[in-house]
Every structure is written in C-alpha cells, then in structure tokens.
There are 2 protein chains.
Amino acid sequence: MSVRINLAPKEGKYLTFLYRKQVEEEKRVTTTILAKSFRVNPATVTEIFQKLAKKKLVEYTRYYGAKLTERGIVEAERLIRKHRILEVFLVRFLRYDAAKACKEASIIDHYCSEELINAICQAYRHPKRCPCNKTIFSNPDCEGKSELESKSSNQTVGDLNG
Amino acid sequence: MSVRINLAPKEGKYLTFLYRKQVEEEKRVTTTILAKSFRVNPATVTEIFQKLAKKKLVEYTRYYGAKLTERGIVEAERLIRKHRILEVFLVRFLRYDAAKACKEASIIDHYCSEELINAICQAYRHPKRCPCNKTIFSNPDCEGKSELESKSSNQTVGDLNG
DNA sequence: TAAAAATTTTTGGTTAATCCTAAATTTTTT
DNA sequence: AAAAAATTTAGGATTAACCAAAAATTTTTA
C-alpha cells in the first residue's frame, strides 16, 4: 500500500530520538545533542540528517537542524509502537522491570516484523500505554482483530532454519 | 568467561546451516549447496568459510570444504537454541503454526540477547523440543533457575528509548 | 589416463552503513 | 566586530555482503 521506507538500523534509532525530542518533548534537537546522546562525532549526525532528508523523513536546513515531516512522524510512530509493545510483553510476560524492558526492547525493536508486533499487541488486547505510561500508537492493521485467529504461513519454500 | 565471538548476522546464518547439514544430517556441505541455499555466488561462500576459519569456528581446507570445530559447534548450538526457544514462544503464546514460527524466528533469532532467550526458556520451563520436534540444547546459565525471579536492570545511564 | 566438465578459489571490484579527523563555514556570544 | 561555539564539508577508514571473470583444482568420462 504505502511506499516502502528502507531505514538502516541506526537511521531508525536517530529518527525515533528525533521524534521523542521534537514531538513528545517539543524541544529543538541540535546536532550536538544528537552527537552527545549517541556518542558520535557531530559530522556523523549531519550525515544522518542528510540521509533522512533524502528519504523525505525530515526537512533539513543547514545550520538550523532537521524537522520531521509528516512521513517521518508516521514512520517514527510505527517504530516507537514496536518498541513499546515489546516493553509491555517483557514486563507482563517475563516480569522485567520497566528500565530493563526498555533496554531489551531496544535491541530488537526495529528488527521485529509488523506482524509479530501486531500478534503481541492482540494478545494483550491492544494496550494503550507502555510500562512507563507513554502512549502506544494504534495501528489500523491491528485494531479490530481478535486474538483467536491463528497465524499460519503460506507454506512455501524449504526453510534453512528450524 | 569464554572468549567473545563476534559474528556478523549472515555469518551466524551460514554457521547454523553448516551445523544442521553436518551434525544433524551428517551430510558434507559443498560450496555449491551453500551457494544455492542462500542464493549467492559460490565466491561468497568461500569468503564466508575463510572468515569463519579465521574465527576458529571451522577448519577450512581449500577445495575440500569447511568442518565445524568444537568451538563452532558450541556457537552454532547457542544460536540454534535461540531460534528454537523463539519458535516455542511463537507457537505457544501467539499460536503461530510451526512453519510460520520458523520464519518469524529467523528474522530476529540472532539479534536476541541470551538473557531474553533464557527468560522465555524459563517461562516455558526449559522446553526440550521445538515445535518441529527438534532438540533444544540446554544452557547451564538457564537451567536450574525458577521462573519467579524478576529481571531488573542496574539502572545506569539514561535511555534513548522508552 | 588424458581431455572435458564441473567445482572452487582468487582477484579485483561494488555498494551501503557507520563512523572519524581536520579544515572551512556559519551562527552565536560577548 | 571579534572571539567562541556549533555545524558542515571534504576526504577517509572499516566492515559486511555481495558479484563477475579468470585461474586453479578436482572429478568425470570417453
């Protein structure tokens, strides 16, 4: 349906950081802040800004900074949703505390398929808040589905794993 | 404790494939088989063999092939355990069918921390078999722990996520 | 067993992701 | 308007994964 957005792992991390600062905390994010937060050279941040701009996820103005576009916001929310759904799972199912859950979720969040996240979301009946009480954005593909339908594959080619 | 083994994502995939063929099916794995299975150029397989050899995970003999070392076997079993524990979770908790679970597990298995896998393992009381009835190797760090202990973090630096 | 066929490796690339330093540029402070 | 601070550019480095074509080796087979 929507256009494929191909985000490298770190690009996703920078994007969601941008979202948290800009949208959730309404703060302007400087290159230096990004650089310090991720412990990288400022030049690296500039480079990432340019890449995100090329993908139309931010509007980038030299020496001013990067501002998320509508597309960027949608994409960031998609990623943050994954993170927070995982946190819910880790806390409720594995009894992690919130801080630990956050760290663990960060390791895999951007690698998890939408489908897996939706399945967990359904299992917990579409939670609205993560363990630290932040909003979990809804996903139209997920809402309105019961937790009874089983997930089955198309049974295609032989797996390499198993 | 043991020496850190730094495996690139694909290296892990090739290593576990090698394990399944060599140890579980007792078949010799040729460069061509690997190349066809992963749909890559044979030259790529040779390159991977050399990398795995440099990491002492296989003994590589030109024109003959690669044979897993003891270290390689241990590492492969560690990775395959992750995969299979995830499969158990996907089938039991999210009601995936076995084939689908395998695919989904393959996406994240090598990224999951040992700790996360152990937590799931404990939650299911150290299952001995995956959904397709293959052995789940045991992990001394995991066995013997109850599922009651909660996982809490050391509360260190501020998180970028949440 | 020697030539042909098949397989494997080597050589010499490519692209993408992340990151860096130093110099240049722009903005902000004083 | 200097000086100081922040940011960008330019030019690199490394690592992961790939590939094609040529060379080397093994296997097949006539």
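Structure's up top.
Conventions adopted
Residues numbered from 1 in each chain as written. Chains lettered and ligands numbered in written order. Predicted model: local features only at pLDDT ≥ 70, side-chain atom pairs only at ≥ 80, totals over all residues. Heavy atoms only, no water. Buried < 20%, exposed > 50% of the residue type's maximum accessible area, 1.4 Å probe, protein only. Helix = DSSP H or I, 4+ residues; strand = E, 2+ residues; numbered from the N terminus. Contact = heavy atoms within 4.5 Å. Near = heavy atom within 4 Å. Polar contact = N/O pair within 3.5 Å; in protein donor to acceptor, adjacent residues only side chain to side chain. Nonpolar A, V, L, I, M, F, W, Y, C, P; charged D, E, K, R; others polar. Pairing = 2+ DSSP bridges.

**Observations concerning helix 5 (residues 98-108) of chain B**
Stage number 1. Of all eleven residues making up helix 5 of chain B, eight are buried, and the element is well covered by its neighbours.
Stage number 2. Every buried residue of helix 5 of chain B is listed here: Ala 99, Lys 100, Ala 101, Cys 102, Glu 104, Ala 105, Ser 106 and Ile 108 of chain B.
Stage number 3. Packed against the buried residues of helix 5 of chain B are helix 6 (114-123) of chain A together with helix 1 (9-24) and helix 4 (70-92) of chain B.

**Topic: the protein's contact with DNA strand D**
Stage number 1. Neighbouring DNA strand D are 21 residues, the closest being Thr 32, Gln 50 and Tyr 60 of chain A together with Lys 10 and Asn 41 of chain B.
Stage number 2. Restricting attention to atoms of DNA strand D within 4 Å of the protein, one finds that 79% of them are sugar or phosphate atoms.
Stage number 3. The side chain of Lys 10 of chain B places a nitrogen or oxygen atom 2.5 Å from a phosphate oxygen of DNA strand D.
Stage number 4. One nitrogen or oxygen atom from the side chain of Thr 44 of chain B is found 2.9 Å from a phosphate oxygen belonging to DNA strand D.
Stage number 5. In terms of residue count, helix 3 (residues 42-54) of chain A provides more of the surface near DNA strand D than any other element does, four residues in total.
Stage number 6. Looking at the surface near DNA strand D residue by residue, the class counts come to ten nonpolar, seven polar and four charged.

**Quick word on the pairing of strand 1 (residues 58-61) of chain B**
Two faces belong to every sheet, and in a regular strand the side chains alternate between them.
Stage number 1. One ladder, built from four bridges, connects strand 1 of chain B with strand 2 (residues 65-68) of chain B; its direction is antiparallel. Directly across from Tyr 60 of chain B, in strand 2 of chain B, lies its bridge partner Ala 66 of chain B.

**Structural notes on unusual backbone geometry**
Residue and element names in this part refer to chain B.
Stage number 1. Although it is not a glycine, Arg 39 sits at a positive phi angle of roughly 55°.
Stage number 2. Here Arg 39 is to be found in the loop between helix 2 (31-37) and helix 3 (42-54).
Stage number 3. We note that Asn 133 has phi near 70°; this positive angle belongs to a residue other than glycine.
Stage number 4. Its place among the elements puts Asn 133 in the segment after helix 6 (114-123).

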